[in-house]
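# Survey of secondary and tertiary structure
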Amino acid sequence: MHALIIIDVQNDFCPGGALAVAGGDDIVAPINAIMPDYDAVILTQDWHPAGHSSFASSHNADPMTMTQMPYGPQVLWPDHCVIGTAGASFHKDLNVDAADLIIRKGFNPAIDSYSAFFENDHTTPTGLEGYLRTRGITDLTMVGLATDFCVNYSAVDAAKLGFNVTVRMDLCRAIDFDGSLKAATDGMKVAGVSL
Ligand code: VGL
Ligand code: ZN
């Protein structure tokens, strides 16, 4: 059984959004087109309470600077994907109706969650692993935003958990902050992810 996991195709990560990824909206139509090819379609949704600890505004810091959290280094982002806002909604053209499951992440105020499987402490699970295993899913194809953050962390965690993981780089777009795209690509290869 093979699932398509569509990471964070939300307005704030598309052009015009708070944390816009260049070309983020280019991937929407081709992602819709491949949905019927999979046994399951899963969407993830970045979903932060106002004042989230990953927001630069919560630290009186500039966006795109680093801070130290109890769980390790953390990029401080512009406020984005705040629960219930238009920025947190899926891109209007994404075929949300085709999804079997929508998994939200990042709602714990104290911990960011790039990965669809674990929060950034690398131990708090989102529950997605159990969902996939109980549905007999062994193979995952990942697409979405952003290549170097949420797609990367999700793909590496999935590979570590023993899933066969493919990332469709043509259906992802990157933030590419401070060499993050190269680091992510290298890290995914080392983890055994097919790119
Ligand atoms: C993401 C930064 C902060 C992502 C989410 O979806 O890649 N990046 N929150
Ligand atoms: Zn976020």
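Structural data are supplied above this passage.
Here is a short report on the structure shown in this document. (Residues numbered from 1 in each chain as written. Chains lettered and ligands numbered in written order. Predicted model: local features only at pLDDT ≥ 70, side-chain atom pairs only at ≥ 80, totals over all residues. Heavy atoms only, no water.)

The next thing to look at is the environment of Asp46. In this fold, Asp46 is placed in strand E2 (residues 40-46). Owing to a relative accessible area of 3%, Asp46 belongs among the buried residues under this scheme. Note: C-alpha distance between Asp46 and Val143 (97 residues apart in sequence) is 15 Å. A distance of 2.9 Å separates polar atoms of two side chains, one belonging to Asp46 and the other to His48. Polar contacts involving the side chain of Asp46 include one to the side chain of Lys105, which spans 3.0 Å. (Helix = DSSP H or I, 4+ residues; strand = E, 2+ residues; numbered from the N terminus. Buried < 20%, exposed > 50% of the residue type's maximum accessible area, 1.4 Å probe, protein only. Polar contact = N/O pair within 3.5 Å; in protein donor to acceptor, adjacent residues only side chain to side chain.)

Near ligand 1 you find Asp8, Phe13, Leu19, Asp46, Trp77, His80, Leu145, Ala146, Phe149 and Cys150, and these make up its full shell. At 3.3 Å from an oxygen atom of ligand 1 is found a main-chain nitrogen or oxygen belonging to Leu145. Here an oxygen atom of ligand 1 and a backbone polar atom of Ala146 are 3.0 Å apart. Within the complex, the protein chains bury 100% of what would otherwise be the 260 Å² of accessible surface of ligand 1. Here the shell around ligand 1 is composed, by residue class, of 7 nonpolar, 1 polar and 2 charged. (Near = heavy atom within 4 Å. Areas by Shrake-Rupley, 256 points an atom, 1.4 Å probe, with all protein chains shown as cover. Nonpolar A, V, L, I, M, F, W, Y, C, P; charged D, E, K, R; others polar.)

Time to look at the coordination of the zinc ion (ligand 2). The protein atoms donating to the zinc ion (ligand 2) are Asp46 (OD), His48 (NE2) and His80 (NE2), with metal-donor distances spanning 2.0 to 2.2 Å. For the zinc ion (ligand 2), the 4 donor atoms in the first shell make angles of 88 to 168° at the metal, so the coordination geometry reads as irregular. One chain supplies every donor for the zinc ion (ligand 2), spaced along it as D-x1-H-x31-H. Here the residue His48 occupies a position in the loop between E2 and strand E3 (65-69), and His80 occupies one in the loop between strand E4 (72-76) and strand E5 (101-105), the gap between them amounting to 32 residues. (Donors = N, O, S within 2.8 Å, 3.2 Å for Na, K, Ca; no water. Tetrahedral: all angles 85-135°; square planar, octahedral: opposite > 155°, others 65-115°.)

This part covers the pattern of salt bridges. Summed over all chains, the structure comprises 7 salt bridges. Across the pair Asp93 and Lys92 runs a salt bridge, and its minimum N-O distance is 3.2 Å. The partly exposed category is assigned to Asp93, whose relative accessible area is 44%. The exposure class assigned to Lys92 is exposed, which follows from its relative accessible area of 70%. The partner of Lys182 in a salt bridge is Asp186, with the nearest N and O atoms 2.7 Å apart. Here the residue Lys182 and the residue Asp186 both occupy positions in helix H4 (residues 180-190), the gap between them amounting to 4 residues, near one helical turn. (Salt bridge = Lys/Arg side-chain N within 4 Å of Asp/Glu carboxyl O.)

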